[in-house]
Amino acid sequence: MTYLFNQPSAFAAELIEGFVAANADKVRQVTGGVVRSTRSQPNTVAVIVGGGSGHYPAFAGLVGQGLAHGAAMGNLFASPSAQQIYNVARAAHNGAGVLLMFGNYAGDVLHFGQACERLRAEGIACEILAVTDDISSASKDELTKRRGVAGDLCVFKAACAAAEAGDDLATVLKKSQHANDRTRTFGVAFAGCTLPGASHPLFEVEKGRMALGLGIHGEPGISETEVPRADELAEIFVERLLSEVPADIKQIAGQRVAVILNGLGSVKYEELFVVYRRVAQLLDAAGLAVVEPDVGEFVTSFNMAGVSLTLMWLDDELETLWRAPANAPAYRKGSVLIAEPLSAAECEESTEEALPQASAESQQSAQRVLSLLESVADLLQRNVQKLGDIDAVAGDGDHGIGMERGVLGAVEKAREVAARGAGAGSLLCRAADAWADKAGGTSGALWGVALTALGTSIGDNQSPDAQRVAAGVKGAKDGIMHFGKAKVGDKTMVDVLVPFSDSLNAAVAEGASLTDAWLAAAKVADKAAQDTAHLVPKMGRARPLAEKSVGTPDAGAISLAMIVNRVGDLLKEQKVSQ
Ligand SMILES: Nc1ncnc2c1ncn2[C@@H]1O[C@H](COP(=O)(O)OP(=O)(O)O)[C@@H](O)[C@H]1O
Ligand SMILES: O=C(COP(=O)(O)O)[C@@H](O)CO
């Protein structure tokens, strides 16, 4: 359990404040996370790392000279939003482009990808790299589906040292890809973790058992055994990692490796040293030379009881990058040049942009859109538990919480911009950004995309007519499929959105009113959501638990169907424009 917290919902925000207060000589807070509080070398690449909170020292503890320039910090176990990542990257940009690095989780991939597109659109050169060191998370044939765990540090370290040395963006990216190709982690867990305020663990391991390959959010592992003795665990680690040597290494003996023995939250340092003793003996016996090993906590999963071993197979280039000095709150090596603190003026963030002009008609529609959003918020708040329970069958159980955070953020923003005279289109676009920003995670990114498409189609000049709304829904569908890459049948919200959009657009094309077309499409959505129960998941967190998921509908499909049905009821009541 977690002993110390105030409001569970404020936990992530409060930990950032405390972290910054404790490390002000190295980091400062910006909207969305932290950046260095010291001056970086001008015209060098800025490396931004990030992911959900709850994994300290990943990611904020790795910001400082020689390591990252900034960290985007999401809510507990939820990826940061594209807006957060974008803000952090803008604040850290140093004139030579940005490399965004994260651990290849679904929400991270979407949000970091969007942030990258946005930075590029503004003329800031940007690349992304998803770390994939966890050998248990997908087979050798699906390397790009592997997740990032403690090997994050090796790959971040290589990228950041290259950036610090003045390499250009293409070279920093190439060296980081090489580091990623040569980094492998194998982990085990003895018990899951319990988030602040939660009454039961997010995931569990049976008492006395050890789960091999269990992920840092409880993603299923590959097998279970009795808890072994420390030496036996070291043997399992070394054997697994030596059977997954990078393809370009022909002979193990004589190689040099960087090593991380990582505690995942509640395993004591003393226990780690007992395990490391045997790991060092075994690596030596295999003919490997260990270079600057790290034993401690580098990527955690709250108070999860678990341990992982990481090897980065070095060549001269990677060894130089691994050995380079760094001075971050949670990672220090060698001695870095003393960096000057930034001035107060340099730390100022830019303020809210102006709203576009809107017609009086569109401003009135904005009020109606606001009341639709408020009603959807009420609906989702009543269904947090239900959506969470559905998601918990094969996902991570946070769908209800994420949707609630998103819609409340959207309503707050919509109220604010409606009061400032926003048109319906701008109100939806701002609400979309706020939804994605507050929710984070996969569905946050996708709802942000959807509402932006709808708002863009509706615009700020006239009240939303059936054609514009139908085109906006089609835009939402296309946008979600473009970013999320899911197809019909993959068991996601796409299984509802496609038939909903098709039905709505067909009815509107035949001349039906918006209300009639929407109500008919909402019925289609309801059935499509229930029908996802028969499907086997191919995307998102549910993918590894495919069998367990059959018989239960997809959480995101259910929430989407709920929402379009609530909007349909309101359209009928309000007779919103036809
Ligand atoms: N690639 C994708 N495309 C479309 N929808 C997706 C995709 N991946 C997941 N989803 C939807 O997101 C839902 C999970 O959302 P949520 O639990 O909020 O995010 P996370 O899995 O990041 O915690 C799933 O039920 C599914 O409907
Ligand atoms: O905790 C994380 C969030 O996972 P998503 O599924 O991407 O929301 C992840 O950022 C850990 O790095």
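All residue numbers refer to positions counted from 1 along the written sequence of the respective chain. Here every chain gets a letter starting at A, and every ligand a number starting at 1, in the order they are written. Only residues with pLDDT of at least 70 get local features here, since the model is predicted, and only at 80 or more are side-chain atom pairs given and counted; chain-wide, interface and lining totals rely on the full set of residues. Only heavy atoms go into the side-chain values, all of them from the structure, while hydrogens and water stay out.

- As annotated in an unreviewed UniProt entry, the protein chain carries the name Dihydroxyacetone kinase family protein and comes from Candidatus Pantoea formicae.

1. Here's the deal with the UniProt feature "domain: DhaK" (unreviewed entry) in the protein chain
Part 1 of the argument: Mapped onto this numbering, the UniProt entry gives "domain: DhaK" (unreviewed entry) at residues 7-331.
Part 2 of the argument: Helix numbering and strand numbering both begin at the N terminus, where a helix is a DSSP run of H or I of at least 4 residues and a strand a DSSP run of E of at least 2. In the segment residues 7-331, helix accounts for 32% and strand for 25%; the C-alpha atoms at its two ends are 30 Å apart. UniProt positions are given in the numbering used here, feature names are shortened, and annotations may be inferred rather than shown by experiment.

2. Brief notes about helix 15 (residues 494-509)
Part 1 of the argument: Between its first and last C-alpha, helix 15 extends 22 Å over 16 residues, near the 22 Å set by a 1.5 Å rise per residue.
Part 2 of the argument: Think of it in three bands: with a 1.4 Å probe and only protein chains considered, a residue is buried below 20% of the maximum accessible area for its type, exposed above 50%, and partly exposed in between. Listed in full, the buried residues belonging to helix 15 are V494, D495, V496, L497, V498, F500, S501, S503, L504, A507 and V508. Helices are assigned an expected span. That span is 1.5 Å times one less than the residue count.

3. Some remarks on the site of ligand 1
Part 1 of the argument: The environment of ligand 1 is formed by 19 residues, the closest being D398, T442, S443, G484 and D554.
Part 2 of the argument: The contact in question runs from an oxygen atom of ligand 1 to an N or O atom on the side chain of S443, over 2.5 Å.
Part 3 of the argument: At 2.5 Å from an oxygen atom of ligand 1 is found a side-chain nitrogen or oxygen belonging to D554.
Part 4 of the argument: For ligand 1, the accessible surface in isolation is 570 Å², of which the surrounding protein chains cover 93%.
Part 5 of the argument: Contributions of two or more residues to the shell around ligand 1 are made by helix 13 (441-458) and helix 18 (555-574).
Part 6 of the argument: For the shell around ligand 1, the leading source of residues is helix 13, giving 4 residues.
Part 7 of the argument: Any residue outside Ala, Val, Leu, Ile, Met, Phe, Trp, Tyr, Cys, Pro, Asp, Glu, Lys and Arg is labelled polar, Gly included; the first ten of those are nonpolar and the last four are charged. When the residues that make up the shell around ligand 1 are grouped by side-chain class, the tally is 7 nonpolar, 7 polar and 5 charged. We call a residue near a given molecule or strand whenever any one of its heavy atoms falls within 4 Å of it. N or O atoms closer than or at 3.5 Å make up a polar contact, with two conditions inside protein: a donor-capable atom paired with an acceptor-capable one, and, for residues adjacent in sequence, both atoms drawn from side chains. Throughout, the Shrake-Rupley method with a 1.4 Å probe supplies accessible areas, and for residues the shown protein chains are the sole cover considered.

4. Focus on the sheet that holds strand 4 (residues 70-76)
Part 1 of the argument: What the 6 strands build is an open sheet, ordered 1-2-4-3-5-6; its pairing is mixed. Each edge of the open sheet is held by one strand with a lone partner, namely strand 1 (27-30) and strand 6 (126-130). Mean inter-strand twist for the sheet, computed between neighbouring axes without regard to direction, equals 25 degrees.
Part 2 of the argument: Where strand 2 (residues 33-36) meets strand 4, 3 bridges bridge the pair, whose relative direction is antiparallel. Directly across from G33, in strand 4, lies its bridge partner A72.
Part 3 of the argument: Of the strands in this sheet, strand 2, strand 3 (46-53), strand 5 (98-102) and strand 6 touch helix 4 (residues 152-164), which is tilted by about 170 degrees from strand 5.
Part 4 of the argument: In this analysis, two residues are considered to be in contact whenever any of their non-hydrogen atoms come within 4.5 Å of each other. Orientation is described by lines fitted to C-alpha atoms, with helices fitted over the stretch in contact, and by angles between N-to-C directions that extend from 0 to 180 degrees. Across the face of the sheet, helix 5 (residues 169-181) comes into contact with strand 5 and strand 6 while running at roughly 5 degrees to strand 6. Pairing between two strands is assigned when DSSP locates at least 2 bridges connecting them.

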